[in-house]
Amino acid sequence: MSCIEFHEVQKSFGSKKALDGLSFDVECQESVALIGPNGAGKSTTLKILAGLIKPDSGEVKIGGFDPDSIEAKRIMGYLPEDASPYLTLSVKENLEYIGALRKTDGLEQKVEFLLNIMELNEYRNSRVSTLSRGNRQKLSIALAIIHDPKIMLLDEPLNYLDIPTQERIIKYFKGMNATFLVSTHIMSIAERFTKSALIINNGRLVWSGQIDELKEMSRQEDMTVEGVISKIMGES
Amino acid sequence: MRRSLFSLILRTRVSSSFIALIIIFLLLAVFTIAISAPHARPIRAEYPVFLGILSFISLIVMVGSALIFKKSDFDFLFTSPIPASSLSLNFFLAALVINSMYAFFLVYFLPMLEYPVFIIPAAIDLWFVMAINVSLAAILRSISIRRRLLIIAIVLVWYLVPGFFSFPISPTSAFAGYPIYGTVIDAAVSLSLVSYNVLRPPRIAYYYRSLTAGTATIRRSISFAGSTPIGAIYRFNLKMVGGASTLRIGNVSKNYAGRLNMGVAVWVSMAVAVLYGVAFIFIPEAERSIIEIYYILYGVAIYPLMRGINWIQTERIWLALMSLPATTYFRHMALAKVISTLITLLPLIIVNFILFAVFRDRIFLEMSVMTLALSPSVLIFGFYLAGFVNPYQIIDIGELPPSSRYSGRNFVAGLTIAPVAAIAVLSIFIPGLYLYASIAFIAVAMILIALPNIQDSLKNSILSHNLL
């Protein structure tokens, strides 16, 4: 059983078809990048996996459970793009509330740990609305991982973060021993984070394989990896 | 540390000043009941006015959908392992607590209506009606906005009917001379709807779908090609009613808020004006004052004030502030909205002139003049009030319209309706007052527009809350 199963999923929003029979599986403890141009269906895919929206058809499982189920949400951590913690609460309050509702063991220690690792200690009692975008993103990441999820769904996780912070977070993610599905349209993030890639365009899977394969293709065709991906998308 | 779901919902939707207001209203309600209970004062003629106010508040609750969602809920709360029933129950209870404020506020009016022995059940009935409104708002959320408005309109007519006819089978008949019937209906309807909401919790996908539904293509757009910035301000405000704005979710931009073509708004206004004119022909002269009061309350006070207050949440004002001086931008925006509002009110102004010609009653002339003079002035008050009292552009700070946070400041902005409406209503009944009120209102509005300090202060208020 794969940790993430996404089979023949169709999803439309009015007349716009966001997903057109998209299918893929992610094995447990695998890290996979979901790459695609704007409007390809990446965020829609993650929202379906997170249980926020229902597909029109198809089968979706998270750890063998329906994404909408309590069991799936216990093991899943979701970081949306442009995540927004509760603006009128402080940093610490956000962590305490979400951690409590996710029944995190040793919540107090976990909150302190995350405040330290995300370098948010000096902002612990600051209202989120007063934080910079980068610090809000750090808090959002902390909220997504506070309950030690086994399956992580990340949508552009490193947006707004400076390079040292990006490295620190990637290192932490790699130590989590979890399954990752990372949506991004920036290849350098995918390369640092994951070994496999799924390229989608117009709601369909157009390529899947190892990132090393893309690098090899770029060497053979004397193109950048981004150029290779653009070519793959253009051919689909 | 104890952090419950209910406290999270309440703390992120209501400021402490608003909680204080709820408590104050509750205490005032208890005080009102206590001192009124020994006195008998049944005055049937007041029922339509009270039911009108109650219906307007019900409209606000139901159209606003009572349940306030934030982007943070979708980002972190709805993806937490919380049973849907628990989420639904806690959101619903929070909505009941927040909207109870209206019930406590309205208790103040009860001594005008009821025999003393029924004042306590009437106070409870008010809370039942609020519970009905909140429950309906939650249930209607899954329906398209047009059908929702139609159902709400039917419900509001049901609320209003006991005020004009002897009709006992309505949730509001408790306040119109049918305390027993009304209380039984209130209890039955509210308990049924509340139970439905509690026992049949919607799935998270339903909340998300209801939030994103209706974001389809724009059927008719405006071209600003060739316009100057000032020209664009007028073109937008004179072609559209309401605000069209965008919210970026991921890489997709979605259009939100109401965007109604001016032509449609004028047609609606014409229909209302015709109904208004016809009402005067068929309603006995002794009962005309009720319609006059409604006209003044909604047409001259509430409608322009709401239009003035709501502008800030849907305008991309910080973009315009970067391209125009504050004095230029705010003055022209305010004037454009005044002209836009007068256009929508023009059918009513014309009908009042016609009624004056037909009935030779000075009150119709007064209402025309007040609409022309007071409505724009009231809009200006709301325009500047919003910028100082609630300067947040909801779109820009990651909140989703119509979600917002109940705060004491928001409520203060709404409370300005009271003195404005009071002066406007008194102007109907006190000869000559309408002229003085009109001149005074126009003068204050012109001062607000003219003073450069006010424009600069408004700009600083908006920028400091949104960009820092």
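The coordinates are above.
Residues numbered from 1 in each chain as written. Chains lettered and ligands numbered in written order. Predicted model: local features only at pLDDT ≥ 70, side-chain atom pairs only at ≥ 80, totals over all residues. Heavy atoms only, no water.

Notes on the overall build of chain B
For step 1, the next point in the chain: Helix and strand counts for chain B come out as 19 helices and four strands.
For step 2, the next point in the chain: Burial statistics for chain B: of 468 residues in total, 52% are counted as buried.
For step 3, the next point in the chain: Sequence-distant contacts in chain B: of pairs separated by 6 or more residues, those separated by 24 or more amount to 77%.
For step 4, the next point in the chain: As presented, chain B carries roughly 20400 Å² of accessible surface, and 72% of it is formed by carbon and sulfur atoms. (Helix = DSSP H or I, 4+ residues; strand = E, 2+ residues; numbered from the N terminus. Buried < 20%, exposed > 50% of the residue type's maximum accessible area, 1.4 Å probe, protein only. Contact = heavy atoms within 4.5 Å. Areas by Shrake-Rupley, 256 points an atom, 1.4 Å probe, with all protein chains shown as cover.)

Points about the pairing of strand β6 (residues 151-155) of chain A
A regular strand places its side chains on the two faces of the sheet in alternate fashion.
All names here are of chain A.
For step 1, the next point in the chain: β6 sits mainly inside the fold: five of its five residues count as buried.
For step 2, the next point in the chain: Across four bridges, strand β5 (residues 76-79) lies against β6 in parallel orientation. Note on β6: the bridge partner recorded for Met76 is Ile151.
For step 3, the next point in the chain: Here five bridges tie β6 to strand β7 (residues 179-184), and the two strands are oriented parallel to one another. From the neighbouring strand, Ile151 faces β7, where its bridge partner is Thr179. (Pairing = 2+ DSSP bridges.)

Considering the sheet that holds strand β3 (residues 31-35) of chain A
Through backbone hydrogen bonds, the strands of a sheet pair up, either in parallel or in antiparallel fashion.
Residues and elements named next belong to chain A.
For step 1, the next point in the chain: Strand order in the open sheet formed by six strands is β5-β6-β7-β3-β8-β9, with mixed pairing between adjacent strands. What marks the edges here is a single partner per strand, and that holds for β5 and β9 (204-210). On average, each strand axis in the sheet is tilted by 15° relative to the strand beside it, whichever way the strands run.
For step 2, the next point in the chain: The pairing of β3 with β7 spans five bridges and is parallel. Of the residues in β7, the one forming a bridge with Val32 is Leu181.
For step 3, the next point in the chain: Relative to β5, helix α5 (residues 133-145) is tilted by about 165°, and along the sheet it contacts β5 and β6.
For step 4, the next point in the chain: Packing of helix α9 (residues 225-235) onto the sheet brings it into contact with β3, β8 (196-201) and β9, and relative to β8 it is tilted by some 40°. (Axes fitted to C-alpha atoms, helices over the stretch in contact; angles between N-to-C directions.)

Considering the environment of B:Lys239
Residues and elements named next belong to chain B.
For step 1, the next point in the chain: Examined against the element boundaries, Lys239 turns out to sit in helix α10 (residues 229-239).
For step 2, the next point in the chain: Given a relative accessible area of 46%, Lys239 falls into the partly exposed group.
For step 3, the next point in the chain: When the C-alpha atoms of Lys239 and Phe128 are compared, they prove to be 41 Å apart, with 111 residues separating the residues in sequence.

Focus on unusual backbone geometry
Residue and element names in this part refer to chain A.
For step 1, the next point in the chain: Not every positive phi belongs to a glycine, and Lys103 is a case in point at roughly 55°.
For step 2, the next point in the chain: Structurally, Lys103 is set in the loop between α3 (91-101) and α4 (107-117).
For step 3, the next point in the chain: Relative accessible area serves as the criterion here: at 65%, Lys103 is assigned to the exposed category.
For step 4, the next point in the chain: The phi dihedral of Glu119 is positive, around 55°, even though this residue is not glycine.
For step 5, the next point in the chain: Within the secondary structure layout, Glu119 lies in the loop between α4 and α5.

Some remarks on the packing of aromatic side chains
All names here are of chain B.
For step 1, the next point in the chain: Taken as a whole and assessed by the stated rule, the structure comprises 18 aromatic pairs over all chains.
For step 2, the next point in the chain: Residues Phe74 and Phe78 carry aromatic rings whose centres are separated by 4.9 Å and whose planes lie at 90° to one another, so their mutual orientation is edge-to-face. The residues Phe74 and Phe78 share a single accessibility class, namely buried.
For step 3, the next point in the chain: Geometrically, the ring pair formed by Phe381 and Phe441 is tilted, given 5.5 Å between the ring centres and 50° between the ring planes. Here Phe381, found in helix α15 (residues 362-389), pairs with Phe441, found in helix α18 (residues 433-450); they are 60 residues apart in sequence, far enough to count as distant.
For step 4, the next point in the chain: By relative accessible area, which is 8% here, Phe441 ends up buried.
For step 5, the next point in the chain: Three or more aromatic residues joined by ring pairs form one cluster here, namely Tyr276, Phe280, Tyr295, Phe359 and Phe364. (Phe/Tyr/Trp six-rings, centres within 6.5 Å; stacked < 30°, edge-to-face > 60°.)

Focus: the interface of chain A and chain B
For step 1, the next point in the chain: Contacts between chain A and chain B engage 40 residues on the former and 35 residues on the latter.
For step 2, the next point in the chain: In total, chain A and chain B occlude about 3600 Å² of area from one another, counting both sides; carbon and sulfur atoms represent 57% of this.
For step 3, the next point in the chain: When the buried surface of chain A facing chain B is broken down by residue, A:Tyr86, A:Tyr97 and A:Leu101 rank first, second and third, together holding 22% of it.
For step 4, the next point in the chain: At the boundary of chain A and chain B, one finds two salt bridges.
For step 5, the next point in the chain: For the salt bridge of A:Glu93 with B:Arg11, the shortest nitrogen-to-oxygen distance reads 3.0 Å.
For step 6, the next point in the chain: Scanning the region where chain A abuts chain B turns up 11 residue pairs in polar contact (both at pLDDT 80 or more).
For step 7, the next point in the chain: Elements with a contribution of two residues or more to the side of chain A that touches chain B: α1 (42-49), α2 (70-75), α3, α4 and α5 of chain A.
For step 8, the next point in the chain: Top contributing element to the side of chain A that touches chain B by residue count: α3(A), with six residues.
For step 9, the next point in the chain: Each residue belonging to the side of chain A that touches chain B can be placed in one class, and the counts come to 19 nonpolar, seven polar and 14 charged. (Buried area = accessible area lost by both parts, 1.4 Å probe. Salt bridge = Lys/Arg side-chain N within 4 Å of Asp/Glu carboxyl O. Polar contact = N/O pair within 3.5 Å; in protein donor to acceptor, adjacent residues only side chain to side chain. Nonpolar A, V, L, I, M, F, W, Y, C, P; charged D, E, K, R; others polar.)

Remarks on the nonpolar core
For step 1, the next point in the chain: By size, the foremost hydrophobic cluster in this structure holds 125 residues, and its most contacted members are A:Leu153 and A:Leu181.
For step 2, the next point in the chain: Here the element with the most residues in this core is helix α5 (residues 84-106) of chain B; it accounts for 12 residues.
For step 3, the next point in the chain: Ignoring anything within four residues of it in the chain, the contact list for A:Leu153 reads A:Ile4, A:Leu46, A:Leu49, A:Ala50, A:Ile62, A:Met76, A:Gly77, A:Tyr78, A:Leu79 and A:Leu181.
For step 4, the next point in the chain: Residues B:Tyr276, B:Phe364, B:Val378 and B:Ile462 belong to the second largest nonpolar core, which totals 58 residues. (Core = buried A, V, L, I, M, F, W, Y, C linked by side-chain atoms within 4.5 Å.)

Re the state of the cysteines
Residue and element names in this part refer to chain A.
For step 1, the next point in the chain: Applying the stated criterion to the full structure yields one disulfide over all chains.
For step 2, the next point in the chain: For Cys3, the disulfide goes to Cys28, at an S-S distance of 2.2 Å. Taking the torsion about the S-S bond as the criterion, the Cys3 to Cys28 disulfide, at about 100°, is right-handed. Separated by 25 residues along the polypeptide, Cys3 in the segment before β1 (4-13) and Cys28 in the loop between β2 (16-26) and β3 bring together distant segments of the chain.
For step 3, the next point in the chain: The exposure class assigned to Cys28 is partly exposed, which follows from its relative accessible area of 41%. (Disulfide = S-S within 2.5 Å.)

Remarks on a nonpolar patch on the surface
For step 1, the next point in the chain: A cluster of nonpolar side chains, namely B:Trp158, B:Phe164, B:Phe165, B:Phe167 and B:Ile169, defines an oily patch on the protein surface of about 480 Å² accessible area.
For step 2, the next point in the chain: Among the structural elements, B:Ile169 can be located in the loop between α7 (145-164) and α8 (179-199). (Patch = residues over 30% accessible without salt bridge, like charges linked within 9 Å, V, L, I, M, F, W, Y side chains within 5 Å.)

Topic: the environment of B:Ile354
All names here are of chain B.
For step 1, the next point in the chain: Among the structural elements, Ile354 can be located in helix α14 (residues 326-359).
For step 2, the next point in the chain: On the basis of relative accessible area, Ile354 is assigned to the partly exposed category, the value being 49%.
For step 3, the next point in the chain: Residues Ile354 and Gly277, 77 residues apart in the sequence, show an inter-C-alpha distance of 8.7 Å.

Digging into the pattern of salt bridges
All names here are of chain A.
For step 1, the next point in the chain: One pass over the structure, following the stated rule, counts 18 salt bridges over all chains.
For step 2, the next point in the chain: Between Arg204 and Asp20 there is a salt bridge, with the nearest N and O atoms lying 2.9 Å from each other. A residue pair is termed long-range when its members are at least 10 positions apart, and Arg204 in strand β9 and Asp20 in strand β2 qualify at 184 residues.
For step 3, the next point in the chain: With a relative accessible area of 21%, Asp20 lands in the partly exposed category.

Observations concerning the side chain of A:Lys138
For step 1, the next point in the chain: Tracing the sequence through the fold places A:Lys138 in helix α5.
For step 2, the next point in the chain: Apart from the residues lying within four places of it in its own chain, the contact partners of A:Lys138 are A:Met118, A:Glu119, A:Leu120, A:Leu161 and A:Thr165.

A few points about the environment of B:Ser55
Residue and element names in this part refer to chain B.
For step 1, the next point in the chain: With respect to the element layout, Ser55 can be found in helix α3 (residues 47-63).
For step 2, the next point in the chain: Separated by 96 residues in the primary sequence, Ser55 and Ile151 place their C-alpha atoms 14 Å from one another.
For step 3, the next point in the chain: Ignoring any residue separated from it by four or fewer positions in sequence, one finds Ser55 in contact with Leu156, Tyr159 and Leu160.
For step 4, the next point in the chain: Of note is the side chain of Ser55, whose polar atom sits 2.7 Å from the backbone oxygen of Leu51.

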